[in-house]
Structures are given as structure tokens and as C-alpha cells.
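Structural characterization, general
What follows is the residue order along each chain.
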Amino acid sequence: MTQSDLKKFHIKSFGCQMNVYDGERMSELLVDQGMSAAKDGEEADLVVLNTCHIREKAVDKVYSDIGRLRRKDGTSPMIAVAGCVAQAEGKEISRRAPTVDIVVGPQAYHRLPELMEVAKSGKKALDTDMPAVSKFDALPSRGKQARPTAFLTVQEGCDKFCTYCVVPYTRGAEISRPWTDLVDEAKALVDGGACEITLLGQNVNAWSGADDKGQQQGLDGLIRALDRIPGLKRIRYMTSHPNDMTDGLIAAHGDLATLMPFLHLPVQSGSDRMLKAMNRSHSARSYLDILDKMRKVRPDIALSGDFIVGFPGETDQDFEETLEIVRAANYSQAFSFKYSPRPGTPAAGMDEQIAPEVMDERLQRLQALLNEQQYAFNQQTVGRTTDILLERKGKLDGQLIGKTPWLQSVHIISPDLEIGDLVEIDVTQAGPNSLTGQIRERLAA
Ligand code: SAM
Ligand code: SF4
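Before going into details, it helps to say that this report is about the structure given with it. Just so you know, these numbers come straight off a predicted model, no measurement behind them.

What counts, and at which threshold
Residues numbered from 1 in each chain as written. Chains lettered and ligands numbered in written order. Predicted model: local features only at pLDDT ≥ 70, side-chain atom pairs only at ≥ 80, totals over all residues. Heavy atoms only, no water. Pairing = 2+ DSSP bridges. Helix = DSSP H or I, 4+ residues; strand = E, 2+ residues; numbered from the N terminus. Axes fitted to C-alpha atoms, helices over the stretch in contact; angles between N-to-C directions. Contact = heavy atoms within 4.5 Å. Buried < 20%, exposed > 50% of the residue type's maximum accessible area, 1.4 Å probe, protein only. Near = heavy atom within 4 Å. Polar contact = N/O pair within 3.5 Å; in protein donor to acceptor, adjacent residues only side chain to side chain. Nonpolar A, V, L, I, M, F, W, Y, C, P; charged D, E, K, R; others polar. Core = buried A, V, L, I, M, F, W, Y, C linked by side-chain atoms within 4.5 Å. Salt bridge = Lys/Arg side-chain N within 4 Å of Asp/Glu carboxyl O.

**A short note on the sheet that holds strand β10 (residues 196–200)**
The strand order across the open sheet built from three strands is β7-β10-β13, with neighbouring strands paired in parallel fashion. Both edges of this open sheet fall to β7 (149–153) and β13 (234–238), since each of them pairs with a single strand only. Here the average twist between neighbouring strands, direction ignored, is 25°. Examined bridge by bridge, β7 and β10 share five bridges and lie parallel to one another. Each bridged residue has a counterpart across the sheet, and for L152 the counterpart in β10 is L199. Its contacts with the sheet place helix α1 (residues 17–32) against β7, β10 and β13, and it is angled at close to 95° to β7.

**What to know about the pairing of β7**
Taken across its five residues, β7 has five buried, putting it largely inside the fold. Residue alternation in β7 divides its side chains into two sets, T149, F151 and T153 and A150 and L152, and both sets are buried.

**What to know about the site of ligand 1**
Around ligand 1, the surrounding shell holds 18 residues, and the nearest of these are Q202, Q268, R280, D306 and S340. Take Q202: an N or O atom from its main chain is 2.6 Å from a nitrogen atom of ligand 1. Within the side chain of Q268, an N or O atom sits 2.7 Å from an oxygen atom of ligand 1. Looking at the shell around ligand 1, the elements with two or more residues in it are β15 (302–309) and β16 (333–338). Looking at the shell around ligand 1, its residues break down into seven nonpolar, six polar and five charged.

**Structural notes on the environment of P242**
Within the fold, P242 resides in the loop between β13 and α10 (247–255). P242 gets classed as buried once you look at its relative accessible area, which sits at 5%. Between the C-alpha atom of P242 and that of K39, which follows or precedes it by 203 residues, the distance is 40 Å. Those residues in contact with P242 that sit more than four places away from it in its chain are L265, P266, R280, H282, Y287 and I290.

**Side note on the nonpolar core**
If you look at the biggest cluster of nonpolar residues, it comprises 84 residues, and the most contacted ones within it are I102, L112, L199, L219, Y237 and Y287. The next biggest cluster of nonpolar side chains, apart from the first, holds 19 residues, and it includes A44, V47, L69 and A97.

**Comments concerning the pattern of salt bridges**
Side chains that differ in charge, positive against negative, can pair when their charged atoms come close. A full pass over the atoms with the stated rule returns 36 salt bridges. In this structure, R142 engages E28 in a salt bridge whose closest nitrogen and oxygen atoms are separated by 3.1 Å. Separated by 114 residues along the polypeptide, R142 in the loop between α6 (135–138) and β7 and E28 in helix α1 bring together distant segments of the chain. When salt bridges with common partners are traced through the structure, they connect E24, R25, E28, R142, R147, R177 and E185 into a single cluster.

What follows is the structure in C-alpha cells.
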């Protein structure tokens, strides 16, 4: 295989939005190398599986995907495994799946072109270093955006070491990207056509850094600076940790029209006993206190969260307390998972692992309650006038799908409008997962 043989690439990202962001950056890097995006893995000379290690299921999925990349004629494209599975499993991946050519961790993907060179010579290429030099400096700058909404990773890694979680091991220590780099990247995204930016981080609200005048700032300061970028209409951020939820960030929700009324604030469990065993360092009460403060400045805030059921030692009473906190907090949407033991984490070795059928039953009950709350939240919006940002085409003729400030999907029919338009609508109907609306006026394109 020669350099010129590698023309088309396909990147498949699993897991969180940070992986979606990394996938976009890898794509820009490969385009910068003269390659172009294939429509699928079948057409590609290089397939990158950008993996997630958070739960066991996510890992199994990667291995089954690798197997499926073998073509009918017995050949395979060049295969790179990137992301957190690459970081956690390293060389083990090529042993288990010999068709894999490249293994590259989430802090080293800027080196993909060099690794492709090694792979072309028939050798296995591996880079799971966490170099001191930021990969962000080595990546090409942001260009034209395919969508009106863009992700911007501001913070990576985690120092919190929740006892169930692999992130501190796969993504490394908590780092905040520098202020100027972020403001510049946000401006480039807006110049490239983005009008909504979601700031990303494993603990995005732990972001801190010195501004252009040398003043120490938190995420609220950064958001206030981004709010001043002309053309940037909406700002979001996720995922936040309760312990890093500052009064300044809460106040920003009351002050800034660009900061959307949406908060993704995982609690994981409503039982203080479980929260302690999880090493979450917040309590059910302190979590609810944050919500009270937030709702004082932004009564319409839409709340999202993450939950784990069946953490080792979770009793029926602990689980009831999770249902209680859900009732007290009232979510507009949420993610809930069965606890998955991850190799190398303290919880994996804890006694009293919970039986799968108990986890199944608890998950069903929790999801039934969360779905009920989501539906009720959607129904409350019926009759309301709101703006939506049109993000993609729907299945029907002339149908477009946009998002409300509260991150609900809205379907409208309007052949005259385009993706990227910000329009005012009346919400006419609500389903469990989305809304239907009627157009009032176009606010901006
Ligand atoms: N930093 C965020 C926080 O502290 O809430 C969460 C980031 S984590 C990548 C996303 C979610 O995955 C967590 O909130 C948790 O609910 C879930 N998760 C992490 N490890 C898990 C495990 N071992 N089993 C099941 N769910 C897990
Ligand atoms: Fe994982 Fe906890 Fe860090 Fe979130 S705060 S990334 S759950 S260790």
C-alpha cells in the first residue's frame, strides 16, 4: 500500500459528545492530509473506530464492528481503533483483533498521519501516550462547519475518581484548554457557519484559566466572553459535576440570553450511602440545593441527569431514594444505566455486586418515571411561543427539525426555511420524545 492508496476515510464515533468532537477533529486532520470522507466503511480505505470504554457493552460493540469490516473478497480497509478502548486496552486490541492496524489513544490522535505511515509499511502502530504537548496545538484550525451547531471541547480528563468510572484512567488528569485558544476556536466555528456552540468536558464546569488580561476565570467568565462573539446565538455546556457548580455559573443563566436554559447535571443516585460509596463527594441534599438556586434565577431551566442503578451494595431502600430524588428534581430528560463493572476501578472489586435481574427491574422502574417526567415537560410547552434553531431535514417533504432552548426536538413543515435558520414557532403538539410546531416568523439565518 502506498501513500496515494489511502484516499477515503470513514470515522465511526461511539459514546459521548466528546468523542463526536474528537471524530470531527480527526476528520479535519485527514482532510488536511488530502483525504476525503467516504459515505460508509465499505467505500473507505481507512476506517477509524472512535471508541467508548464507559460500559462493557460499548467495548463489545467495537470488537463486533471490527469483525464486520472484513469485506466479501477477504480484504479489510486499514483499521484504526481510537478513543478510550484504545487507551485502556492498548496492544491487547491487535492481539484480539489482528486486522487492526493502528491503536491510538484520545490524547494522541493528532499523530494519526504518522501512525498511518507506520501501518502502511505493514507494521502495527500504537500510540497511547498522554503527551505534555497538547494535541489541540497540532490540529488544523476549524473551517467551514457542516452543521449550525458545533461542539468545542474546553476541558478534558478527570481528577474525581468516582469508584465506578474509567474516565480518569482513559482520559487522564483534568486539564483546561487555554482561554485564547478557546475564544479563537469559537470565533472560527462561528465564521465557519456555526450559530450554536456546546462547550464540552467530562467536568466542563471545572474549567478554569487566565483570561487575556491575566485574570483567573471560571466557566462563567469564558461563557461571558463567548457571549460577545457576534453571530453566536446559542451557548450550551455539558457535562457538569455538582461540586463545580459555582454561584457565578448559576448567575450567568440569569444574565445571558445566549446561554440556553438547559443543565445536564448528573446525580447518579439519590442515596447518600451510595453517593459516598461512589466517591461522588456531594449529597442528595446539596444536589437539590443547586437546583433551587438555579431555578431562582432561571425558573424555566430544563434539567437533565445521569443515573446508575445497581451499584454494588444498592438496597431497595437506596433505590427508592433515587426515585425520590427524581421526583424532587423533575427532569426534562435523562440518561440511566445499569452499573457495569469496569476493570481497574475500585467498584469492580466491591462485595455485594447486584444481580442482573434486580438491575433490570430497577432500571425499568426508573426509566418509567423519567419518561413520565419527560412527557409532562414536553406537554407543558404546548401553546408556548419559542424560538427554534433548525438543525436537520425531517423524513417528510418540506419537514425540518429544530431544537428549542430546552433541547427538545421540534418538527415543522416549511419548504421556505433552511437548516441554520432561527425561527419563532408556536408549539402545537407534544409527544414523549419530540414536539410539533407551527412557524410564526424567521428571526435570523
Ligand atoms: N463527569 C460526569 C459526571 O460526573 O457526572 C459524567 C461523565 S461519564 C463519561 C457519563 C456517565 O456514564 C456517568 O454520568 C455515569 O452515569 C455513566 N457511567 C460511568 N461509568 C459507569 C459504569 N461503570 N457503569 C454504568 N454507568 C457508568
Ligand atoms: Fe467519571 Fe466521576 Fe469523573 Fe464524571 S466525575 S468523569 S463520573 S470519575
